[in-house]
Structure formats: structure tokens, C-alpha cells
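# Residue-level structure breakdown
For reference, the chains in residue letters:
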There are 2 protein chains.
Amino acid sequence: MINSTSNKQIKNLVQLLTKAKARREQGLFVAEGVRMYRETPKDDLVKTYVSESFYEKEENRALLQGTELEIVTDRVFASTSDTKTPQGILCLVRQREYTPAQMLRAENPLLLLLEDIQDPGNLGTIFRAAEAAGATGIIMSSGTADIYNPKTIRSTMGSIYRMPFLYTKDIAAMQEKLKARGIRTYAAHLKGSCTYTEQAYRKGCAFLIGNEGRGLSDALAEKADARIKIPMSGEVESLNAAVSAAILMFEAKRQRSGGL
Amino acid sequence: MINSTSNKQIKNLVQLLTKAKARREQGLFVAEGVRMYRETPKDDLVKTYVSESFYEKEENRALLQGTELEIVTDRVFASTSDTKTPQGILCLVRQREYTPAQMLRAENPLLLLLEDIQDPGNLGTIFRAAEAAGATGIIMSSGTADIYNPKTIRSTMGSIYRMPFLYTKDIAAMQEKLKARGIRTYAAHLKGSCTYTEQAYRKGCAFLIGNEGRGLSDALAEKADARIKIPMSGEVESLNAAVSAAILMFEAKRQRSGGL
């Protein structure tokens, strides 16, 4: 039983929860809560930490069979948790790596290219909506929020384990690579020359979504096959990035399901 | 100049920022930041509070002409602000009241009925997306988060001032009232009997969106003219409430813009 906040493992969990750099260096991250524990592929699960009172419940012990386990006093557990009302279970998980090839395996890939999305909650919501829309992968600029941020992981509701993704230092080069592979790229842009519903997304395509405040960089937007806009009524200047991404991806899904 | 956190006005601002009850009793709320100040209708603006260093900048003083103003020391200002990096301007604003009649004035109203949406950020994002989609009003159950919560106001990006809304204790009765007025009601439901793209939303209609965790109550869902689902790929169990609302409203907008 771990009963001190100065325990090495506990200190490391706190590092992994709070510092992207620590996560990167160790190739690990922390997923919190029963739901995430259930969704974590057992091959990726390094170790599970539970609070004493979590472990006392019989139904929880059944859940934990076959897992390498550490039990932690409630007080120490609360000090590590990222949430206000911790459920009493944390998983130490190995990061996965995906390649562009894995995202292009599908007959008609549906990709997202995210440039410098900043809000961790937004990023997680995008992952969740992308999986629901049938996206085959998400490519992010290195300036995008860390997918392993605890808040992002929570917002993905488990999609982090099912949606192939990668970070790239050169997203413009990645865009060129996709185009060379026959993927049409569509830049979501406030000054798009056509409405998003006027394009056909049945074949392989990628939507480019820019930063919440600045939108897409010109470098990316200009090289896209088309700049598309989501028409807006009223005096709204822009949509939330996750909302924009979802509207575009679900339009692709609508068309791919046979909608006119 | 206000230089004490025990100043009556400052204490009241803190109450209004943190307590829905205080907002309700006084019929007032606080909007923060330059953008919100610009968007606040001058008729609704009761008073503006600025920090000393905000007031020192000439361009800011130009902005503030004609406003009833209080200058507050930076230290006291920081103690009231809801944000980590306050911009230095807070507006005390009168709450508006809207009637169902105002939402039904349009030829083909497009409404949202929200049942117990809990997340303040989600609620604001819904307002912003609703305005962009051309919605004519939002009706909320009394269990829905407070639209005047500072986080909600921020997420609306100003739509709070342009989107008619009201709270009702009896959302089922409101649904009946809408139906009686010829508005078709569509319940967003995981077990919907048809896909959302199979219905026509060109005439007056209302989308019912339920709580993030529980979804819509049976009482509401059963009385709707149709239960519609957003089909989901992968293993996603549900979509974020703001994402669902946006997908439905933008499908209505697509159809109303002449999309097939």
C-alpha cells in the first residue's frame, strides 16, 4: 500500500498528469476513471492505481482481475487525481504510435488535419466526433494541444484508443503527401469560395481545421484543393473548432451514406 | 476609484459572478472582456467597471465614452474577475426577457428545446452554433445550466445578446404548445427510429436535446413528432450535446438553403 505523496511512483504520476514533457519523455500517460480503465487495451496498460476505498468494493475487485495493481491510501490518491471527485482508479498507459499508412488503408480515407488547436476539451471532442463520423485518422501540427492531457483524454470518451492519430512538425508537407496519394484536401475557411455542402466527399478527403483564434495559416489554406466555408447566419464571426469539424465530417458521412 | 475588496459594489459583482441566485434576484449579470463590452446593447448596460491600468490606455478611454464608469485598482479588479488573465473590463448588464411569441414570429421558426444541459461551456457553444445556423430561439428546462454563468457567457461569443431564449418549469407543456402552433418537434435520441437526414426541416421545427449523461427524458421523447438519431460509426456511445445540436441545426440550414 502506498501511503505517502513522496512515494516515487506517486510523484511520477503527478508529473505525467501535469507535464506534457514528462509524458513525451517516458512515452506514457495517465487515464482516469472506471470507464477509461475499461476502454484501455490491456496490451497498452502498464499498471493500475486504485484508492483503498475503491479496492474495498467487491465489484471493483472483480473488475481489476489480471491487472498489475497498486493500492493507494485515499488521501494520497486524491492528491494525484486530476478531477474534483476522483473515482479512485488511475491507469498508467503506454502511448501508441501510428503511421500515415495506417490512416490511408481504408478505401476512401476521411482525415482531419488540425493546425494548432489549443483547447484540450475541444481536441477531445473532435476525436469523439471524428470516430462517430467514421474518420480514419487525425493528423495534428506539433503546436496542437497534447492529446494526452487528462482533460483531452476525458473529452475523447475513449476515442483516443480507437482513432489513429499522429503529430507532425511539418503539416504543410503532410498535406502535400496526402494530395500526392489522391486525397483531396479541404480548408475550412471563413473566406472560403464555396459552401461546404457544394463539394463531394465520397472519395478520400481531408478537412483542414485551424486554430480557434487565428483560423488556418495562409500557407496551408492556399495549398488546399478547395477552401470551403460553413455559411453563418446572424452576427457570428466563427464557430467553435469542434463544432466546425463535426459539421464537415458529418456532411461527409451523410454523403457517404447515400445522401444527395 | 474603488480600492477595497470590501467595497459594496465589488462584493456584489463577486456575488453576481459566482451565484445564480443573486443574478436571478437582481435581474442582472456580469459580462467580462472588451469583446463582450462592445457587443452589449447600450440599453442593457447598467455600469462598466475597469481596472486602473485598462483605463490608463488612451484607446480604451475612447471605447468607454458615454458609459457610466467605475475605476478599480488592479488588485481589487483581479479579485473580482472570473478569468485567469483579466482584460480589465467588466459590464453589469440587465437580464432580458423573451416570450415564446418572439421566437415564433419568423415564417419558419427553427427552435431548440434543451432539457437539463449541465455544462456551462456546452450551453454557450450551443447558443453560438444556434445563431450561426439561423435558429430563432432556444427554450430551456429550468434544470439547464444558467445562461448567465460567466463561462457560458464567454462561450456564446456574444450570441447571448442576439438569440432569444427563455427558461420554463414545464418543458413538456411548452412542447405541446409548439405542436399546437404547427411546429414539428424532433427528439434527438440514441434509439431514434430514423436518421436525422431523412426528415424535412424546411417548415417550422424544433429539435429536442437532452442532458449530457442521461439524454432526453421519456416524457419528452415520446411526445415528439419524430425521434431522430445521428448515426455513429466506431464504438462511440453518444456525441457531445453541443456537437449534436450543431449537426441537427446545420442540416436544417442546409435544407433551408436549397440543399437536397
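Bear in mind the structure is a predicted one, so any value in this text is a computation, not a measurement. (Residues numbered from 1 in each chain as written. Chains lettered and ligands numbered in written order. Predicted model: local features only at pLDDT ≥ 70, side-chain atom pairs only at ≥ 80, totals over all residues. Heavy atoms only, no water.)

## Side note on the overall build of chain A
- Along chain A, the regular secondary structure elements total 12 helices and 11 strands.
- For 260 residues, the compact-globule estimate of 2.2 N^0.38 gives 18 Å, and the C-alpha radius of gyration of chain A, at 20 Å, lies within 12% of that figure.
- Dimensions of chain A along its principal axes, counting C-alpha atoms only, are 60 × 35 × 35 Å.
- Expressed as a percentage of the 260 residues in chain A, the buried residues total 55%.
- A separation threshold of at least 6 residues defines the contact pool for chain A, and within that pool the share at least 24 residues apart is 75%.
- Summing over all exposed atoms, chain A offers an accessible surface of approximately 11,700 Å²; the carbon and sulfur share of this is 46%.
- If the 36 positive side-chain charges of chain A are averaged to one point and the 30 negative ones to another, these points end up 2 Å apart. (Helix = DSSP H or I, 4+ residues; strand = E, 2+ residues; numbered from the N terminus. Rg over C-alpha atoms; globule rule 2.2 N^0.38 Å. Buried < 20%, exposed > 50% of the residue type's maximum accessible area, 1.4 Å probe, protein only. Contact = heavy atoms within 4.5 Å. Areas by Shrake-Rupley, 256 points an atom, 1.4 Å probe, with all protein chains shown as cover. Lys, Arg positive; Asp, Glu negative; His and termini not counted. Charge placed at Lys NZ, Arg CZ, Asp CG, Glu CD.)

## Details of the sheet that holds strand β3 (residues 69–72) of chain B
Residue and element names in this part refer to chain B.
- With respect to topology, four strands assemble into an open sheet ordered β1-β4-β2-β3, the strand pairing being mixed. Among the strands making up the open sheet, the edge pair consists of β1 (28–32) and β3. For this sheet the average axis-to-axis angle between neighbouring strands, irrespective of direction, equals 20 degrees.
- Across five bridges, the pairing between strand β2 (residues 45–51) and strand β4 (residues 89–94) is antiparallel. When the bridges of β4 are listed, Thr48 appears paired with Cys91.
- Seen against the sheet, helix α1 (residues 8–18) touches β1, β2, β3 and β4 and runs at an angle of roughly 90 degrees to β1. (Pairing = 2+ DSSP bridges. Axes fitted to C-alpha atoms, helices over the stretch in contact; angles between N-to-C directions.)

## Looking at the packing of aromatic side chains
Residue and element names in this part refer to chain A.
- Enumeration according to the criterion identifies 16 aromatic pairs over all chains in this entry.
- Summarising the aromatic geometry, the rings of Tyr98 and Phe165 are spaced 5.4 Å apart at their centres and angled 50 degrees between planes, so their arrangement reads as tilted. You can see Tyr98 sitting in the loop between β4 (89–94) and α7 (100–104) and its partner Phe165 sitting in strand β7 (residues 165–168), a full 67 residues away along the chain. One exposure class covers both Tyr98 and Phe165, and it is buried.
- Put simply, the rings of Phe29, Tyr98, Phe127, Tyr148, Tyr161 and Phe165 pair up and form one aromatic cluster. (Phe/Tyr/Trp six-rings, centres within 6.5 Å; stacked < 30°, edge-to-face > 60°.)

## Description of the relation of the copies chain B and chain A
- Here chain B sits on chain A after a turn of 180 degrees about the axis and a move of 0.0 Å along it, with an RMSD of 0.0 Å. Classification of the inter-copy transformation places it as that of a two-fold axis. (Least-squares fit on C-alpha atoms with pLDDT ≥ 70 in both.)

## Quick look at the domain arrangement of chain A
All names here are of chain A.
- The domain architecture assigned to chain A consists of domain 1 (8–94) and domain 2 (100–256).
- Centre-to-centre separation of domain 1 and domain 2, based on C-alpha positions: 31 Å.
- Every contact between the two is made by 14 residues of domain 1 and, on the other side, 12 residues of domain 2.
- Around 1,100 Å² of area is buried between domain 1 and domain 2 when both sides are counted, 61% of it from carbon and sulfur atoms.
- Together, Arg23, Phe29 and Met36 form the three largest contributors to the area buried by domain 1 at its contact with domain 2, with a combined 42%.
- Counting across the domain 1 and domain 2 interface gives two salt bridges.
- Put simply, domain 1 and domain 2 have five residue pairs in polar contact (both at pLDDT 80 or more) between them.
- Those elements that place two or more of their residues in the side of domain 1 that touches domain 2 are α2 (20–26), β1 (28–32) and α3 (34–39). (Domains from an automatic or database assignment. Buried area = accessible area lost by both parts, 1.4 Å probe. Salt bridge = Lys/Arg side-chain N within 4 Å of Asp/Glu carboxyl O. Polar contact = N/O pair within 3.5 Å; in protein donor to acceptor, adjacent residues only side chain to side chain.)

## Some remarks on the UniProt feature "domain: tRNA/rRNA methyltransferase SpoU type" (unreviewed entry) in chain A
- Under the present numbering, the feature "domain: tRNA/rRNA methyltransferase SpoU type" (unreviewed entry) in UniProt falls on residues 110–250 of chain A.
- Annotation note: span residues 110–250 of chain A, helix share 33%, strand share 21%, distance between end C-alpha atoms 11 Å. (UniProt positions renumbered as here; feature names shortened; annotations may be inferred.)

## Points about the sheet that holds strand β2 (residues 45–51) of chain A
All names here are of chain A.
- On the basis of which strands lie adjacent, the open sheet formed by four strands has the order β1-β4-β2-β3 and mixed pairing. The open sheet has two edge strands with one neighbour each: β1 and β3 (69–72). Taken over all neighbouring pairs, the strand axes of this sheet differ in orientation by 20 degrees on average, direction set aside.
- Where β1 lies against β4, five bridges are found, and the strand directions are antiparallel. Directly across from Val30, in β4, lies its bridge partner Leu92.
- Sitting on the sheet, helix α1 (residues 8–18) is in contact with β1, β2, β3 and β4, with an inclination near 90 degrees to β1.

## Examining the nonpolar core
- Residues Leu112, Ile138 and Phe207 of chain A together with Leu112, Ile138 and Phe207 of chain B are the most contacted members of the largest nonpolar core, which totals 148 residues.
- Setting aside chain neighbours within four positions, we find Ile138 of chain A in contact with Met103, Leu112, Leu114, Ile126, Phe127, Ala130, Met163, Pro164, Phe165 and Leu166 of chain A. (Core = buried A, V, L, I, M, F, W, Y, C linked by side-chain atoms within 4.5 Å.)

## Quick notes on the interface of chain B and chain A
- Listed as interface residues are 32 residues of chain B and, on the opposing side, 32 residues of chain A.
- Between chain B and chain A, the buried area comes to about 2,500 Å², and carbon and sulfur atoms account for 59% of it.
- On the chain B side of the interface with chain A, the three residues burying the most area are Arg128, Phe250 and Arg254 of chain B, jointly 21% of the side's total.
- Between chain B and chain A we count four salt bridges in total.
- If you look at where chain B meets chain A, you find 10 residue pairs in polar contact (both at pLDDT 80 or more).
- Take the side of chain B that touches chain A: its biggest share by element is eight residues, from helix α12 (residues 241–256) of chain B.
- Considered class by class, the residues forming the side of chain B that touches chain A number 15 nonpolar, eight polar and nine charged. (Nonpolar A, V, L, I, M, F, W, Y, C, P; charged D, E, K, R; others polar.)

## A word on the pairing of β2 of chain B
All names here are of chain B.
- The buried count for β2 comes to six of seven residues, which makes it a mostly enclosed element.
- Pairing of β2 with β3 involves four bridges; the strand directions are parallel. Paired with Ser51 across the two strands is Val72, which belongs to β3.

## Quick notes on the UniProt feature "domain: MRM3-like substrate binding" (unreviewed entry) in chain A
- Within this numbering scheme, the UniProt entry marks residues 7–90 of chain A as carrying the feature "domain: MRM3-like substrate binding" (unreviewed entry).
- Secondary structure content for residues 7–90 of chain A is 50% helix and 21% strand, and the end C-alpha separation is 16 Å.

## Overview of the pattern of salt bridges
Residue and element names in this part refer to chain A.
- With the rule as written, the count across this model stands at 24 salt bridges over all chains.
- Asp44 is paired through a salt bridge with Arg96; the nearest N and O atoms lie 2.6 Å apart. With Asp44 in the loop between α3 and β2 and Arg96 in the loop between β4 and α7, this pair connects stretches of sequence that are 52 residues apart.
- Relative accessible area serves as the criterion here: at 10%, Asp44 is assigned to the buried category.

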